[in-house]
Amino acid sequence: MDLAADTAEQYRDFALDARDYSPCYDDWCTRVADDAEVLAWLDRLPLPKRQPNLVLAAARWHGVPAPGPYDAFRSALLADDGTIVATIRARSTQTNEVGRLATLVPAFALVADRPVALIEVGASAGLNLFPDRYSYAWGGRTIGSGPLLTASVSGDPPLPAAVPSVAWRAGVDLNPLDVTDDDAMRWLSFLVWPEHEERRARLATAVAIARSAPPVLVRGNLLDELPALVATAAAHGPVVVFHSAVAVYLPPEDRDRFQALMTGLVAEGRCHWVSNEAASVLPEVTASGPVPSDARGFVLGIDGRAVALTHGHGAWLRWL
Ligand SMILES: C[S@@+](CC[C@H](N)C(=O)[O-])C[C@H]1O[C@@H](n2cnc3c(N)ncnc32)[C@H](O)[C@@H]1O
């Protein structure tokens, strides 16, 4: 998803991501892309606020039924008295998807064979900071104990024999969400796509796990906060910095700064870097491996090198 793309193109692209996955969002976004009145309504919002996931969640937050007819969604936007717009302006896309751990854990295990100091940049509520609290199933291989996260695998990934141990964990986010805040957790549930009951149940489980030991989350821009956090983490074990569906929210010049920051930290041996972003977002990582030009989903990178393609919510892992 290109957040700077023309609005119709953004919605058409989002509909492709939702195809055969969320019929409701596929239908709504396909129709938005051809609906001049709704596009004009969206174009009155600031650019970063036009993105489908945010607008769709805000409409549902204010009672638009989903799954449900496009006309109800359309009417709610066009008749909005400012209530939906206020939610769009006040909140953001902070989808916190622990399903992604099923695709991240093989990378965590590859970079360190002892308990890690884990830093997540763009952590949202920090739900992905607890990889050690789940079990994992990849095809016939199952490891760990705790709630099960599953990904189908192809391309012979090096799957770990045990769940990585975490010695220390912390995150950074522009707007860290407090796992004990019911309103914030309810917003996260509205960011889960309409038909995805399994994901909503997984979210509830993840919130309960994080509530048992709320993670340390630093408020701030990852570019500013990361170096100090890496220095702090180093006392606790091999440092692993990771992120998933985050760099897309950085303006292009900040993406370049982030790529340079991470490349420098890795070169200095100060941390390992596990990235999980859409192919167009970190072009240097994408160009380092045989990533097909029409790849959807995310590119999983280790220390700047593309190693796999992953499903956006963790349903599959294709090792390159
Ligand atoms: C889509 S969420 C992904 C959350 C989590 N990484 C996951 O995979 O479940 C993106 C998160 O990145 C955060 N974010 C965006 N730009 C950021 C920045 N410059 N610095 C820190 N956090 C940022 C947002 O606030 C949001 O919580």
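Residues numbered from 1 in each chain as written. Predicted model: local features only at pLDDT ≥ 70, side-chain atom pairs only at ≥ 80, totals over all residues. Heavy atoms only, no water.

Applying the stated rule across the entire model yields 16 salt bridges. For R296, the salt bridge is made with D13, and the minimal N-O distance between the two is 3.1 Å. One end of the pair, R296, is in the loop between α12 (283–287) and β9 (298–302); the other, D13, is in helix α1 (residues 7–18), with 283 residues separating them in the sequence. Taking the relative accessible area as the measure of exposure, R296 reaches 38% and is therefore partly exposed. For D13, a relative accessible area of 23% translates into the label partly exposed. (Salt bridge = Lys/Arg side-chain N within 4 Å of Asp/Glu carboxyl O. Helix = DSSP H or I, 4+ residues; strand = E, 2+ residues; numbered from the N terminus. Buried < 20%, exposed > 50% of the residue type's maximum accessible area, 1.4 Å probe, protein only.)

Turning our attention to the site of the ligand. Looking at the ligand, there are 20 residues lining it, with Q94, N96, R100, G122 and D173 nearest. Backbone polar atom of T95 to an oxygen atom of the ligand: 3.2 Å apart, as the coordinates give it. At a separation of 2.7 Å, an oxygen atom of the ligand approaches a polar side-chain atom of R100. Calculation on the ligand without its partners gives an accessible area of 600 Å², and the protein chains cover 96% of this total. Looking at the shell around the ligand residue by residue, the classes come out as six nonpolar, ten polar and four charged. (Near = heavy atom within 4 Å. Polar contact = N/O pair within 3.5 Å; in protein donor to acceptor, adjacent residues only side chain to side chain. Areas by Shrake-Rupley, 256 points an atom, 1.4 Å probe, with all protein chains shown as cover. Nonpolar A, V, L, I, M, F, W, Y, C, P; charged D, E, K, R; others polar.)

All right, on to the domain arrangement of the chain then. Each assigned domain of the chain is listed with its residue range as follows: domain 1 (7–90) and domain 2 (98–319). Using only C-alpha atoms to locate each centre, domain 1 and domain 2 end up separated by 27 Å. Between domain 1 and domain 2, the residue contacts involve 20 residues of the former and 16 residues of the latter. Overall, the association of domain 1 and domain 2 removes approximately 1,600 Å² of surface from exposure, summing both partners, and the carbon and sulfur fraction of that is 61%. In terms of surface lost to domain 2, no three residues of domain 1 exceed Y21, R60 and W61, which account for 46% of the buried area on that side. Seen at the junction of domain 1 and domain 2, the total is two salt bridges. Of the charged contacts in the structure, one is a salt bridge between R296 and D17, with a shortest N-O distance of 2.8 Å. Here domain 1 is connected to domain 2 by nine residue pairs in polar contact (both at pLDDT 80 or more). Among the elements of the structure, α1, α2 (23–32) and α4 (52–61) are those that each provide at least two residues to the side of domain 1 that touches domain 2. (Domains from an automatic or database assignment. Contact = heavy atoms within 4.5 Å. Buried area = accessible area lost by both parts, 1.4 Å probe.)

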